[in-house]
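Structural description and commentary
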Amino acid sequence: MDERQLRILRELGELGSVSAVAAALHVTPSAISQQLRLLQRSLPVPLTERAGRRVVLTEAGQALARAAIEVETALARARHSVDEFADQPDGNVSLAAFHSAATTFFPPLLRGFAGPGRPRLRLADEDVAQERFPVLTRDYDLVLAHRLDHGPPWPRTVTANTLLQEPLDVALPTGHPLATRTVLTPQDVADQPWITVHDGFPLMSTVEAIAAVANRRLDIVHRVNEFTVVAELVAAGGGLALLPRWTTRTHPGVALRPLTAVHARRRIDVLHRPERTARRAVRTVLAELHRAAAEIRTHDAQPPRPGTGPPSG
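Residues numbered from 1 in each chain as written. Predicted model: local features only at pLDDT ≥ 70, side-chain atom pairs only at ≥ 80, totals over all residues. Heavy atoms only, no water.

What follows deals with the side chain of Asp269. Among the structural elements, Asp269 can be located in strand β11 (residues 265-272). Given a relative accessible area of 2%, Asp269 falls into the buried group. There is a polar contact of 2.7 Å between the side chain of Asp269 and the side chain of Trp154. Other than its neighbours up to four places away in sequence, Asp269 contacts Val143, Leu144, Ala145, Arg147, Trp154, Asn161, Thr162 and Leu163. (Helix = DSSP H or I, 4+ residues; strand = E, 2+ residues; numbered from the N terminus. Buried < 20%, exposed > 50% of the residue type's maximum accessible area, 1.4 Å probe, protein only. Polar contact = N/O pair within 3.5 Å; in protein donor to acceptor, adjacent residues only side chain to side chain. Contact = heavy atoms within 4.5 Å.)

As structure tokens, this is what we get:
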């Protein structure tokens, strides 16, 4: 049993197939299968079994895959303990975020880490469905992800810390008759045309909850994930939408109104593999993300006022 074999077992548990593990680790499927056979020879119980045409983990394999996370974390810490790399304050740190989180968090990070002796950021936008965010921790040190409060939790293979619990408001043109109200209900908005995200993205389940409470099917006319585009469509009269209260930029033609009778809130979490925070530079960036989130909560956690657009993030 060696580190590479345990890494392969861990990835098989997460990715679900030998071919997917091979692609992720940039080797051939036969090389993955060979390492799995070598690992199996050192243990008395089966680690894998066939499920149709796929190879999946047995319960023993799942237990060892969970232990592999601890092993990889311990090995990472051991290496860093004898290497000054772990304590470098200006190391490279890669960070991915979905669009509205990138708009909110990337600028203060860049300003805060300007100058020598600070972490060197490598930033990227990643607009993916919810279940794809944990996979991104394979390629990035830190990943900003979002999910609804009542949505499925992140898998135990990643560490997750909540930065914000952000309200979702109804966005409508400032001249819309409903904009005169301070609070809206699902019944108020159910007969309006709607602009929503694509299926598989977190906000969609809140849209579905609005329809369920109002007991009618919503008229979804546009599907757009990028909130700046959504705001432009709302302002142009294309329909109503859900927009995050704090991480959406102000648009002069858009008003946000709180929604009652539906739990309309999302979590913005930072995900990472446990071993990543063995590096000082990663811990520094993580701490700065929490500081920026605390500032947002302090200054912007107020409901929108009648006659105004969304608070700026």
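Take the pattern of salt bridges next. Counted under the stated rule, the structure contains 20 salt bridges. Ionic pairing is found between Arg10 and Glu14, a salt bridge with its closest N-O pair at 3.5 Å. Of the two residues, Arg10 and Glu14 both sit in helix α1 (residues 3-15), 4 residues apart, roughly one turn of that helix. For Arg10, a relative accessible area of 2% gives the class buried. (Salt bridge = Lys/Arg side-chain N within 4 Å of Asp/Glu carboxyl O.)

The pLDDT averaged across the protein works out to 90; a share of 94% of its residues lies at or above 70. Highest mean pLDDT in the protein belongs to strand β7 (residues 193-196) (98); lowest belongs to helix α4 (residues 59-81) (86). (pLDDT = per-residue confidence, 0-100.)

Where α1 meets α4, the axes come as close as 8 Å, and the angle between the chain directions of the two elements is 130 degrees. By the angle between their axes, α1 is oblique relative to α4. Between α1 and α4 lies a crossing of left-handed hand. In this structure, α1 uses Glu3, Leu6, Arg7, Leu9 and Arg10 to contact α4, whose residues at the interface are Gly61, Leu64, Ala65, Ala68, Ile69, Val71, Glu72, Leu75 and Arg79. Taken together, the residues of the contact of α1 with α4 sort by class into 8 nonpolar, 1 polar and 5 charged. (Axes fitted to C-alpha atoms, helices over the stretch in contact; angles between N-to-C directions. Parallel < 35°, antiparallel > 145°, perpendicular 65-115°, else oblique. Left-handed = near helix turned anticlockwise from the far one by under 90°. Nonpolar A, V, L, I, M, F, W, Y, C, P; charged D, E, K, R; others polar.)

Here the focus is the packing of aromatic side chains. Tallied over the full model, the rule gives 2 aromatic pairs. For the pair Phe98 and Phe133, a centre-to-centre distance of 6.2 Å together with 70 degrees between the ring planes defines the contact as edge-to-face. Residue Phe98 is located in the loop between β3 (92-97) and α5 (99-112), and its partner Phe133 is located in helix α6 (residues 133-136); the two are separated by 35 residues in the primary sequence. This pair shows no difference in class: Phe98 is buried, exactly as Phe133 is. Between Phe133 and Trp154, the aromatic rings sit 6.2 Å apart at their centres with planes inclined by 85 degrees, giving edge-to-face as the arrangement. (Phe/Tyr/Trp six-rings, centres within 6.5 Å; stacked < 30°, edge-to-face > 60°.)

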